[in-house]
Structures are given as C-alpha cells and as structure tokens.
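One-letter residues, chain by chain:
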Amino acid sequence: VCFRRYAMMALTSCLFWNTLGLSAAMDSKPNILLFLADDLGIGDIGCYGNNSIRTPNIDHLAREGVKLTQHIAAASLCTPSRAAFLTGRYPIRSGMASSNRYRALQWNAGSGGLPANETTFARLLQQQGYTTGLIGKWHQGVNCESFNDHCHHPLNHGFDYFYGMPLTLRNNCQNNTSPDLDPVLQAKLWFYTQIIFLAVLTLTAGKLTALIPIHWKIITCVTLVGSLFFISWYSSYGFVQYWNCILMRNHDVTEQPMRLERTAFLMLKEAISFIKRNRHGPFLLFISFLHVHTPLFTTAKFLGKSHHGLYGDNVEEMDWMVGKILDLLDKEGLKNHTFTYFASDHGGHLEAQNGSAQLGGWNGIYKGGKGMGGWEGGIRVPGLFMWPGVLPAGTVIDEPISLMDIYPTVVHLAEGILPRDRVIDGRNVMPLLQGRAQKSEHEFLFHYCGSYLHAVRWHQKETGAVWKAHYVTPVFHPAGAGACYGKRICPCFGEGVTHHDPPLLFELSQDPSEAKPLSADTEPLFDTVIRKIGRAIEEHRRTLTPVPEQLSVSNVVWKLWLQPCCGTFPFCWCDKEGDSTQIL
C-alpha cells in the first residue's frame, strides 16, 4: 500500500512538472526559426528514406519533433511558391501566378514582385514585438519605378534585417557553367528588337518623304522602347553575373558579383550573428537557403564527400549549416523556446542535368518534379517541426498540410491577428502538431501551374481517402520519361500539355505514385468524386478577384533604371565582405 501510494505521488508530481514545463514553454511568445531549402526533393534526406546522402541534423528534427508525409507546396516553382508561403495565400490571389512562360522573376531589374499591399507573416510578427530577419534567397522582386524605391524589398515586407540574394542562383553565377537564363526569352527579346527597329526605319522614311504624318516625338519614343529591348537582349549574354548574382545587406549591395566560394559561410555567419544579437527574443529568423539550386556550388570541405555526386555534396553542406544553427540554439539555451520548421519550396528539378550527371533532386516514389503544377513530385515536399516540450517527439502526420499553413500558425504563436480584409488559404496546424486534432482542416487544395489550374485534391475526412483529379498534365519528353527532358522545365499551357475530360483521378492513400488512374468502370465513386471536386472549383473561383499580374512580360523584362548597382552603372562591381572564408 505504501509503495502504491508513493508511486501515485511520484506519477502525480511528474505529470505536474511536465504540465508546468509545457505551460511555461507556451506562456511567452516563442522564437520562430524557419528553414526553407531551394529545389530539395522529398527523397533527398534520410528521414524520408534516402540512404545515399547523409543528413543527420535535418533527421534530428524528425526524431525530436513532427514529420509530415503529405506536406504540399502551393506552387511548383520558386517565386509563386515563396509568395504563397509568405502570405498564406494562393499566388494567383497576389498576382504572383503567371499566364505566360515566365513563371518566376528573371532579373533583379524587373519591376514585378510581391505587391506592397500583401501582408507577410513577418509584418504581423513585427507588429507583435518580434525582431524579424531573412537570411538567404528572396526572389520576390526589388524595385518598382526606380533603382532605390525598394517597393518589393524584404524590408518593405516586414523584415527588420535582410542579408542575402534578392533574386536566385543561376548557372550564370558560376564561371565555366552553361548559362541558364531562358533562351526563349532571349530569342523573343531579339525578335521584338528587330520588329521595333524595322518599324522605326519605316516611320522615319515615311516622315522624311511626307508619306506618313507622324510627330518626331512618337518616333523617338518607339526608338527608346526598341533600345530597351536591345539592351535587355544584349545584357542577357554578357552581364547576368554582374546584374543578377549579387548579395545585399538591407538596401546596400555588398557583393557584385557574388563570390560563390564563400557564400555558404557568409550566410551561416549572418544567421549565427542574428540569433546572438536577438537571443533575448522574441525573434523570427527565416533562413532561405540558396542550396540546393544549380549550379550547386559547394565548398571544398564537402566536395566528393557524399555518395550522390555534386548534388549530394550540396545537400550535405546544407545539413551541416542546419546543424551549426541548431547547436547554437542549444548553446544559447534557446532550444526549448524555439519553434523550428524545415521544408523545401517545391520538388526536385528532374531536368537539371550535365550530360549523364543528375544535378537535380530526387522526389522519391512521387511522379514529376519542379515546374509541374499537378504531379506530386513537384509539390510534395519535406515538412519537419521541432519544439521540445510542446510538440511530441517522433510523431508522423499523414494529413494534407500546406506550406501556406505556416502563415496562420506562426501568427497564432505570436498572438497576432490574421488580416480580415482578404482570403487566407492557410490554416493553423498547432492543434494537429500537438495531437489535439486528428484531421487537417483542408478539405480541398488547388494545384496551379502558373495561373492555370492543373489539379485538385479532395481530402475526404470521413473515410480518410485523398482523391486527386488532374485536368491538365504536361507532355513528358521523351514519352513516359517522367519529365520534360527536351526543355528546361515543363510548360503549363499550349502544345506542351494534355487536357483531360474527364479528368485523371487517383486515390492517393492507395496510389501515392499516381500510377493507376481510376475510371467510372473501375471506381464506383468516380462520378460522385468528380462532381464534388467540380463544385469545389466553382466555389474557389468565386473567391478570386482580378489583380495586376506581377509576372507579365512587361514586369519580367530587364529595365536599366531599376538595376541595383554597387558603383557607377554599368560598371557595377564591389566586394565589401573582405576575406570571410575563415569565419567558422
């Protein structure tokens, strides 16, 4: 009896202190640390089944926290996916979904970008007393009308501090690699240049011979437009490295062009410095990796170390960076008071190759990859959360959770209020992560390719089924290859896609690889499911309102007066970092 009484007292005491610890952890606003990889496939890390690339630090997040098996990006390409992540809204709502071939920002000197009237989670956390920082890739635009208006800049979207790349890595950033600026864009720029100058010659001849009554001012304006296209075409060949491959600290350009051999160290140094400066919190730190986008520049310490070539080396370097930051949290006593998240912006880039060498990621059992709006390989990504004492360790959740859900989740943790003047598509997932809820709040998720709806997912909560209807799919090249190897990336419309009526239907809980489409002959619920999804599409479209398209050709094209420049244009060059290769 005495033993039982003692055991009960001990158990009660343990439960009390555990509850007290959980309460203490959640009483004050936690620090928020968000890791977002670039182009990382779900099959590229150990905790999702990869045994050829070592990722012990990322795997630690899964072991000590929560792993998602159905984490879904809102787009399969960088710019729109990150816009959705930052705003909690489908990119089509903010104008960050393209109806043309240019689905991501191409230049630092383009005028498109995340509109100033969009409210990021950084802005809301800033209003709640958080110090907010972004280290790494932005790819949401810089300027609108002049080289220093910074209308799309991170500091205009709620971040107190920015250090990183305003655009994205390109092969052009590294010497001795094949340039990857869109060749079709280059061809169009040259075509328009010729057409405009032909028009100028015709108008000038007509004016001089009095055959065409036209003012010289009009001819001058047309000439200036033609000059803009010519400069854009010319620049795309010789100046990409100097004009796109730059680093900024807040509004100042610090490296132009970047020295890739030290970029990883600089990013890590900046992340460590930010955490140390703000260790008394609360802080939001968004670490937006340049890894593992091509050209996969990897420091000598990691070259040749993986069993998966240069791509594996680059992943392992990123994992090392994650480990350094997690170690710092532990050292500073912040580990138990920090909500940590890791994901990728979309699936791995299957078409990224150099001869027989694969330079893009692996999407596991899932069909497709980067740029494919509907297939799972383009949108199903790693999703890991860790918050010791609050989130149960070793938990696996197989419910549809969107990258857009991070927005309302971190706003909830910061005790903020979501905007009420717009549709927020994300949902707070804390109840699901803590085990207080068993089902995702998402009934439907809409999978866009640019501004074109390619597929819809229906989570039938009462049965657990996850139906997915494909209305449009890319045409693989060669046939059956699983990617568009004849192109840099699969298209969203035109001759490069197939329209399906009736749509292709899969039940993902039974067929996650989307290998066996169902039909009315093989699935008794086929017609019912298609009608249900069709009604959801109609309802979804009623919530959309027209907005300016940020990725239109006129917004994507390079503009002389918007170019960030360290020095006197066009001689843009500087290195304000000094020797930073031995910083850690």
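Preceding this paragraph is the structure being described.
In this convention, every chain numbers its residues from 1, walking through the sequence in written order. Per-residue local features of the predicted model are confined to residues with pLDDT of at least 70, and side-chain atom pairs are confined, for both listing and counting, to 80 or more; whole-chain, interface and lining totals are unaffected and use all residues. Neither water nor hydrogens contribute to the side-chain values; these are computed over all heavy atoms in the structure.

Quick look at helix 10 (residues 309-331) now. Elements are defined by DSSP. Helices are runs of H or I of four residues or more, strands are runs of E of two residues or more, and each kind is numbered from the N terminus. One less than the number of residues in a helix, times 1.5 Å, gives the span that helix is expected to have. Taking 1.5 Å as the rise per residue, helix 10 with 23 residues should run 33 Å; its terminal C-alpha atoms sit 33 Å apart, in good agreement. The cut-offs for exposure are 20% and 50% of the maximum accessible area for each residue type, with area from a 1.4 Å probe on protein chains only; residues under the lower value are buried, those over the upper are exposed, and the others partly exposed. The buried fraction of helix 10 amounts to 17 of the 23 residues, a majority that puts the element mostly inside the structure.

This part covers the pattern of salt bridges. Salt bridges are counted wherever a side-chain nitrogen of Lys or Arg sits within 4 Å of a carboxyl oxygen of Asp or Glu. Here the structure, examined in full by the defined rule, presents 21 salt bridges. A salt bridge links Arg259 to Glu261; the nearest nitrogen and oxygen atoms lie 2.9 Å apart. Glu261 sits in the partly exposed class, given a relative accessible area of 34%. A salt bridge links Glu443 to Lys532; its shortest N-O distance comes to 3.9 Å. Separated by 89 residues along the polypeptide, Glu443 in the loop between helix 13 (430-433) and strand 14 (444-449) and Lys532 in helix 14 (residues 526-542) bring together distant segments of the chain. Classification of Lys532 as partly exposed rests on a relative accessible area of 28%. Members of the salt-bridge network, linked through shared partners, are Glu255, Arg259, Glu261, Arg262 and Asp575.

Let us look at the state of the cysteines. Cysteine sulfur pairs qualify as disulfides if the two atoms are within 2.5 Å. Counted by the stated rule, this structure contains six disulfides. The partner cysteine of Cys484 in its disulfide is Cys490, sulfur to sulfur 1.9 Å. Between Cys484 and Cys490 the disulfide shows an S-S torsion of about 100°. By sign, it is right-handed. Side by side, Cys484 and Cys490 carry an identical accessibility label, which is buried. Here Cys566 connects covalently by a disulfide to Cys574, the sulfurs 2.3 Å from one another. Across the S-S bond linking Cys566 and Cys574, the dihedral sits near 120°, which makes this disulfide right-handed. By the burial criterion, Cys566 is buried, and Cys574 matches it. Each bonded cysteine of the protein chain gets a number by its place in the sequence, and the pairs then read 1-2, 3-4, 5-8, 6-7, 9-11, 10-12. The cysteine Cys78 is free of any disulfide, with Cys173 supplying the nearest cysteine sulfur at 13 Å. The class of Cys78 is buried, set by a relative accessible area of 3%.

With that settled, consider the nonpolar core. Joining through side-chain atoms within 4.5 Å is the link that ties buried Ala, Val, Leu, Ile, Met, Phe, Trp, Tyr and Cys residues into a set, and such a set is a nonpolar core. Among the nonpolar cores identified, the biggest contains 56 residues, and Phe35, Leu40, Leu285 and Phe342 are the most heavily contacted of them. Secondary-structure elements contributing two or more residues to this core are strand 1 (31-37), helix 2 (56-64), strand 4 (161-165), helix 9 (263-277), strand 7 (283-288), helix 10 and strand 11 (380-386). Top contributing element to this core by residue count: helix 10, with ten residues. Among the nonpolar cores identified, the runner-up in size contains 49 residues, and Ala73, Phe121, Tyr130 and Tyr407 belong to it.

Stacked, tilted and edge-to-face are the three classes assigned to paired rings of Phe, Tyr and Trp, where Trp is represented by its six-membered ring and a pair needs centres within 6.5 Å; plane angles under 30 degrees give stacked, over 60 edge-to-face, the rest tilted. A complete count under the given rule lists 24 aromatic pairs for this structure. Measuring from centroid to centroid gives 6.2 Å for Phe85 and Tyr341, while their planes differ by 15°, and the two rings are stacked. Placement of the pair is Phe85 in helix 3 (residues 78-87) and Tyr341 in strand 8 (residues 338-344), with a sequence separation of 256 residues. Here Phe85 and Tyr341 have matching classes, each one buried. Ring centres of Phe302 and Trp320 lie 5.4 Å apart, and the angle between their planes is 50°; this geometry places the pair in the tilted category. One end of the pair, Phe302, is in the loop between strand 7 and helix 10; the other, Trp320, is in helix 10, with 18 residues separating them in the sequence. One exposure class covers both Phe302 and Trp320, and it is buried. Within the aromatic cluster, the residues linked to one another by ring pairs are Phe85, Phe121, Phe286, Phe339, Tyr341, Phe385, Trp387 and Tyr407. For a lysine, the NZ atom is tested; for an arginine, the CZ atom; a charge sits over a ring if that atom is within 6 Å of the ring centre and within 35 degrees of the ring normal. Just above the ring of Tyr161 sits the side chain of Arg277; from NZ or CZ to the centre is 5.0 Å.

Taken by themselves, the reported measurements are silent on function.
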